[in-house]
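# Structural description and commentary
Chain residues, written in single-letter form:
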Amino acid sequence: MTVSDGAVLAASAALDSVESVAAMFQPVVELSTGAVVGYEALARWPSPSLAVPETVFALARERGMVGRVDVACRAAALRAAREHAYSRRVRFFLNIEPGCFVDERDVDIHLDAIGDDLDVVLEIAERDLDRSVPMLMALVRGARARGMSVAMDDVGATPATLGLLASVRPDIVKLDALIVRSPYRSRAAMRQVRDYLHTSDATLLAEGIETRRHLRRAMALGATLGQGWLFGRPMPLPNPPI
């Protein structure tokens, strides 16, 4: 059996028991101080062969299950945050797949399920970002009407993440890790990002910071928030500070 076959089998097993998904949390820090200001919730499935989330979501799209998986992942993250009594002490970055909605009523159902007891940043995934722009905009309007902030993930990874900045007007721009690691190869993307930042009050967050060099590059690009292995790998949610 090849590695590829094993990855697909692991992903298939994860979908067969989709409700068994658990949330791990990677800290989001203030780059100038290193203080933790939030956590991004990431999906993990118990499996001997370690199902890879990207493979699980790819297979879910093939099977028409992406909406169900999306809901299960957020539910696991919210459950962990509430069990630890975080309330609104830090921000929780919750991913959402813009391509999983049927209509605006479906958008409302997804958003209502999140609740209003936590400080939520709704992080819009880059996958299928431009497949249904009306549904994407309904998602953004609905999130803001419920008091949530909006982030765009992996900005610069695809043309759509850059092209929709002006329409979505995210509160937080999450810069793709490849731009942080190779800034000189991404000047055109950074020009578009800076153009948007200059016309908004948005915050720039750099992803994939693994070394001090990455940290220096991220700050030179204008990022004030960041996440990556330098600050912590995905882990079970710690108890809130007293």
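Now for a quick tour of the structure.

## Some thoughts on the overall build of the protein
Looking only at helices and strands, the protein features 10 helices and eight strands. Relative to the 2.2 N^0.38 estimate, which gives 18 Å for 242 residues, the radius of gyration of the protein is 17 Å and therefore close to what a compact globule would have. Dimensions of the protein along its principal axes, counting C-alpha atoms only, are 45 × 45 × 40 Å. Within the protein, the fraction of its 242 residues that count as buried is 52%. At a minimum sequence separation of 6, the contacts of the protein that also span at least 24 residues come to 68%. Of the accessible surface of the protein, which amounts to about 11700 Å², a share of 53% is contributed by carbon and sulfur atoms. Averaging the coordinates of the 28 positive side-chain charges in the protein and doing the same for the 30 negative ones gives two points 6 Å apart.

## Side note on the sheet that holds strand S1 (residues 22–30)
Pairing is mixed around the closed barrel formed by eight strands, whose spatial order is S1-S2-S3-S4-S5-S6-S7-S8. Where strand S3 (residues 91–96) meets strand S4 (residues 119–124), six bridges bridge the pair, whose relative direction is parallel. Across the sheet, the residue bridging to Ile96 is Ile124, located in S4. This element, helix H9 (residues 187–198), spans strand S5 (149–155), strand S6 (172–175) and strand S7 (203–206) of the sheet and lies at about 165° to S6.

## Considering helix H2 (residues 53–63)
Of the residues making up H2, those classed as buried are Pro53, Val56, Phe57, Leu59 and Ala60. Buried residues in H2, looked at end-on, bunch into an arc of 165°, giving them a common side. For H2, the exposed residues set more than 90 degrees away from the buried face come down to Glu54 and Glu62.

## With respect to unusual backbone geometry
Residue Ala85 is not a glycine yet carries a positive backbone phi of 55°. Tracing the backbone shows Ala85 in the loop between helix H3 (66–83) and S3. Residues other than glycine seldom take positive phi values, yet Asp154 does so here, at roughly 50°. Relative to the helices and strands, Asp154 resides in strand S5.

## Describing the pairing of S7
With four bridges joining them, S6 and S7 adopt parallel strand pairing. Bridge pairing in S7 links Leu175 to Ala206. One ladder, built from two bridges, connects S7 with strand S8 (residues 225–226); its direction is parallel. Its bridge partner lying in S8, Leu205 is registered against Leu225. Taking the sense of rotation as the criterion, the β-α-β connection linking S7, helix H10 (residues 212–220) and S8 turns out right-handed.

## Some details on the packing of helix H4 (residues 104–112) against helix H5 (residues 133–145)
Look at H4 against H5: their axes get within 10 Å of each other, and the N-to-C directions meet at 40°. With respect to their mutual orientation, H4 and H5 come out oblique. Every pair of crossing elements has a handedness; the one defined by H4 and H5 is right-handed. In this structure, H4 contributes Glu104, Val107 and Leu111 to the contact, and H5 contributes Met135, Ala138, Leu139, Arg141, Gly142 and Ala143. Along the lines of polarity and charge, the residues of the contact of H4 with H5 split into six nonpolar, one polar and two charged.

## Side note on the environment of Met137
Positionally, Met137 belongs in helix H5. Exposure remark for Met137: the relative accessible area of 18% places this residue in the buried category. Along the sequence, Met137 and Pro183 sit 46 residues apart, while their C-alpha atoms lie 30 Å from each other. The residues contacting Met137, other than those within four sequence positions of it, are Ser167 and Val168.

## Quick notes on the state of the cysteines
Scanning the entire structure with this criterion turns up zero disulfides. With no disulfide of its own, Cys73 lies 11 Å from the sulfur of Cys100, the closest cysteine sulfur. Taking the relative accessible area as the measure of exposure, Cys73 reaches 15% and is therefore buried. The exposure class of Cys100 is buried, given its relative accessible area of 11%.

## Thoughts on the nonpolar core
Within the largest apolar cluster, 77 residues are counted, with the highest numbers of intra-cluster contacts made by Phe25, Trp45, Phe92, Ile124, Val168, Val173 and Val193. Residues contacting Val193, with those up to four places away along its chain left out, are Val155, Leu162, Leu165, Val173, Leu175 and Leu204. Residues Phe93, Val121, Ile172 and Leu225 belong to the second largest nonpolar core, which totals seven residues.

Reading guide: rules and limits
Residues numbered from 1 in each chain as written. Predicted model: local features only at pLDDT ≥ 70, side-chain atom pairs only at ≥ 80, totals over all residues. Heavy atoms only, no water. Helix = DSSP H or I, 4+ residues; strand = E, 2+ residues; numbered from the N terminus. Rg over C-alpha atoms; globule rule 2.2 N^0.38 Å. Buried < 20%, exposed > 50% of the residue type's maximum accessible area, 1.4 Å probe, protein only. Contact = heavy atoms within 4.5 Å. Areas by Shrake-Rupley, 256 points an atom, 1.4 Å probe, with all protein chains shown as cover. Lys, Arg positive; Asp, Glu negative; His and termini not counted. Charge placed at Lys NZ, Arg CZ, Asp CG, Glu CD. Pairing = 2+ DSSP bridges. Axes fitted to C-alpha atoms, helices over the stretch in contact; angles between N-to-C directions. Arc of directions from axis to C-beta. Right-handed = clockwise from strand over helix to strand, strands pointing away. Parallel < 35°, antiparallel > 145°, perpendicular 65-115°, else oblique. Left-handed = near helix turned anticlockwise from the far one by under 90°. Nonpolar A, V, L, I, M, F, W, Y, C, P; charged D, E, K, R; others polar. Disulfide = S-S within 2.5 Å. Core = buried A, V, L, I, M, F, W, Y, C linked by side-chain atoms within 4.5 Å.

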